[in-house]
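So you can see what is in the structure, the chains are spelled out below.
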Amino acid sequence: MKIVFIEPNIEGYVLMPTMSLAVLKGFIKEKTEHKARIVDLIFHKKNWKEYLSKIIEDEKPDLVGISILSFNYSQALTIAKFIKNNFRIKILFGGVHAILSPEEVIKNEEVDIICIGEGEEVIKEILDKKLNCKNISGIWYKENGRIIKNKPRKLIENLDDLAFPDWKDFDLEKYFLINNNHLPIMASRGCPYSCTYCSNHALKKRLVGKYVRFRSVDNVIKEIELRIKQYKKNGLKYLFFYDDTFILNKDYIFEFCRKFKKNNFDKFLKWNVNVRANLVTEEIIKEMKNAGCYEVRMGVEAGNDYIRNEIYKRNMTKEQIFNAIKIIKKYGLQLRLQFIIGAPYETIDMMKESFEMSKEADSD
């Protein structure tokens, strides 16, 4: 059978090709007998209807899958409506918004199935059973106008069982032009923290099984080796680690850095990661710098202690933040700080504290 995945970005602006769809395509290609194609609409906003129609006519898919976040949900519905008006194909919605708002998503008449967890094994089973959704855990679906709610599916425990993301359907050379030659990569899934503005704390409550999981370092190293072979000639210079908190496990970081250097990858690629101030140590930053890390991204979120810790539940002090900044600067890493403005109960004076803190931090 055949599935077409759609990146439903017909209005916004993105810097990176979509990791989740690339992983799904890689999994279907490597671990099943089925075929998958990704339709990325980011560079086809003006003619998306013609572009999408031609692909659907050529590919004749049995199923269309659309991955949704809250910001592109309305765009996804527009696309799904267009498909339903012009083709007889079942449509599946997945992604964070579908997991957290299943009742709202499934009620749309253009949506036939929703995935309420990780999609790899779910989609394989749907295709294996020729779209017969009965008893497939991890989905809700419609049958004769009724909504059937199947039980949740356990999260994939061993991430090495997944395939590497397949980027072939993305116009990487165009992405390299707008994102300064970065390719996304992900060493883990999940985050142990419960910051209130993030989807992780809500996903943890919904999903079944171990939430924070890491690929083995060797598996990540193998992927990096492949990317150098595939895309160095196209201009790849940097890896953008998508992990929520890359430095959760010190031993993992040291093993990764050692093997990255041992393979001489640092001669070809630099990389950047997300860090958390309370986990930053001199040891870790020094090790990452020596292995080719050029930038860290760190969420401060608010200069005001009450907003940061009581409203956002960041559980970190100004001292921890400035200590992390000092270490990062000592080793000459580029520092990208993130702030959120406009929290519930945040006053103008509280917002000013964020601006003052960002000035004092003197980040890049």
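A short tour of the structure in this document, coming up. Given the structure is predicted, the values throughout are model-derived calculations rather than measurements. (Residues numbered from 1 in each chain as written. Predicted model: local features only at pLDDT ≥ 70, side-chain atom pairs only at ≥ 80, totals over all residues. Heavy atoms only, no water.)

1. Concerning the overall build of the protein chain
Argument step 1. Helix and strand counts for the protein chain come out as 14 helices and 14 strands.
Argument step 2. Here the protein chain has a C-alpha radius of gyration of 21 Å; the compact-globule value for 364 residues is 21 Å, and the two agree.
Argument step 3. For the protein chain, the proportion of its 364 residues judged to be buried stands at 54%.
Argument step 4. Relative to all contacts within the protein chain whose residues are 6 or more apart in sequence, the contacts with residues 24 or more apart total 73%.
Argument step 5. On the protein chain, roughly 17300 Å² of surface is accessible, and the fraction owed to carbon and sulfur atoms is 49%. (Helix = DSSP H or I, 4+ residues; strand = E, 2+ residues; numbered from the N terminus. Rg over C-alpha atoms; globule rule 2.2 N^0.38 Å. Buried < 20%, exposed > 50% of the residue type's maximum accessible area, 1.4 Å probe, protein only. Contact = heavy atoms within 4.5 Å. Areas by Shrake-Rupley, 256 points an atom, 1.4 Å probe, with all protein chains shown as cover.)

2. Here we look at the pattern of salt bridges
Argument step 1. One pass over the full model with this rule turns up 28 salt bridges.
Argument step 2. Close ionic contact of arginine 227 with glutamate 223 constitutes a salt bridge, the shortest N to O distance being 3.3 Å. Here arginine 227 pairs with glutamate 223, and both are found in helix α9 (residues 217–231), just four residues apart, close to one helical turn.
Argument step 3. The partner of arginine 336 in a salt bridge is glutamate 295, and the shortest N-O contact between them spans 3.5 Å. Of the two residues, arginine 336 is situated in strand β14 (residues 334–339) and glutamate 295 in strand β13 (residues 293–301); the sequence distance between them amounts to 41 residues.
Argument step 4. Among the residues examined, arginine 336 registers a relative accessible area of 45% and is labelled partly exposed. (Salt bridge = Lys/Arg side-chain N within 4 Å of Asp/Glu carboxyl O.)

3. Describing the side chain of asparagine 72
Argument step 1. With respect to the secondary-structure elements, asparagine 72 resides in the loop between β3 (63–67) and α3 (73–86).
Argument step 2. Here asparagine 72 is in contact with Glu7, Pro8 and Ser67, once residues within four sequence places are set aside.

4. A closer look at the layout of surface pockets
Argument step 1. Here the second largest pocket defines a volume of roughly 250 Å³.
Argument step 2. Glu30, Ala163, Phe164, Pro165 and Leu226 are, among the 17 residues lining the second largest pocket, the residues nearest its centre.
Argument step 3. Taken together, the residues that form the lining of the second largest pocket break down as seven nonpolar, three polar and seven charged. (1 Å grid on protein atoms, 1.4 Å probe; cavity = no way out; pocket = protein on both sides within 12 Å on 5 of 7 lines; lining within 4 Å. Points joined across faces, edges and corners; volume = space filled by probe spheres on them. Nonpolar A, V, L, I, M, F, W, Y, C, P; charged D, E, K, R; others polar.)

5. Here we look at the packing of α9 against helix α10 (residues 250–262)
Argument step 1. Look at α9 against α10: their axes get within 10 Å of each other, and the N-to-C directions meet at 35°. Note on packing geometry: the crossing formed by α9 with α10 is right-handed. Contacts between α9 and α10 pair Val217, Asp218, Val220, Ile221 and Ile224 from the former with Tyr252, Glu255, Phe256, Lys259 and Phe260 from the latter.
Argument step 2. Taken together, the residues that form the contact of α9 with α10 break down as seven nonpolar, no polar and three charged. (Axes fitted to C-alpha atoms, helices over the stretch in contact; angles between N-to-C directions. Left-handed = near helix turned anticlockwise from the far one by under 90°.)

6. Description of the sheet that holds β14
Argument step 1. The five strands lie next to each other as β8-β11-β12-β13-β14, forming an open sheet whose pairing is parallel. Edge positions in the sheet fall to β8 (182–185) and β14, since each of these pairs with one other strand and no more. Put simply, the sheet's adjacent strands are angled 25° from each other on average, direction ignored.
Argument step 2. Here β8 pairs with strand β11 (residues 238–241) via four bridges, running parallel. When the bridges of β11 are listed, isoleucine 185 appears paired with phenylalanine 241. (Pairing = 2+ DSSP bridges.)

7. Some thoughts on the pairing of β11
Argument step 1. The two faces of β11 match: Tyr238 and Phe240 on one face and Leu239 and Phe241 on the other face are all buried.
Argument step 2. Of the strand pairs in this sheet, β11 and strand β12 (residues 270–275) are connected by three bridges, and their pairing is parallel. Its bridge partner being in β12, leucine 239 is matched across the sheet by tryptophan 271.
Argument step 3. The β-α-β motif built from β11, the intervening α10 and the parallel element β12 has right-handed crossover chirality. (Right-handed = clockwise from strand over helix to strand, strands pointing away.)

8. Here we look at the sheet that holds strand β4 (residues 90–94)
Argument step 1. An order of β2-β1-β3-β4-β5-β6-β7 is seen for the seven strands of this open sheet, with the pairing classed as mixed. Two strands in the sheet have a free side with no partner beyond their single neighbour: β2 (35–40) and β7 (146–149). The sheet shows a mean angle of 20° between the axes of neighbouring strands, taken without regard to direction.
Argument step 2. Sitting on the sheet, helix α6 (residues 120–128) touches β1 (2–7), β3, β4, β5 (113–115) and β6 (139–143), and the angle it makes with β1 is about 140°.

9. Here we look at unusual backbone geometry
Argument step 1. Here the phi dihedral of asparagine 180 falls at roughly 60°; this positive angle occurs in a residue that is not glycine.
Argument step 2. Residue position: asparagine 180 is located in the loop between α7 (172–179) and β8.
Argument step 3. The backbone phi angle of glutamate 301 is positive, close to 75°, even though this residue is not glycine.
Argument step 4. Of note, glutamate 301 is situated in strand β13.
Argument step 5. Classification of glutamate 301 by relative accessible area gives buried; the value is 6%.

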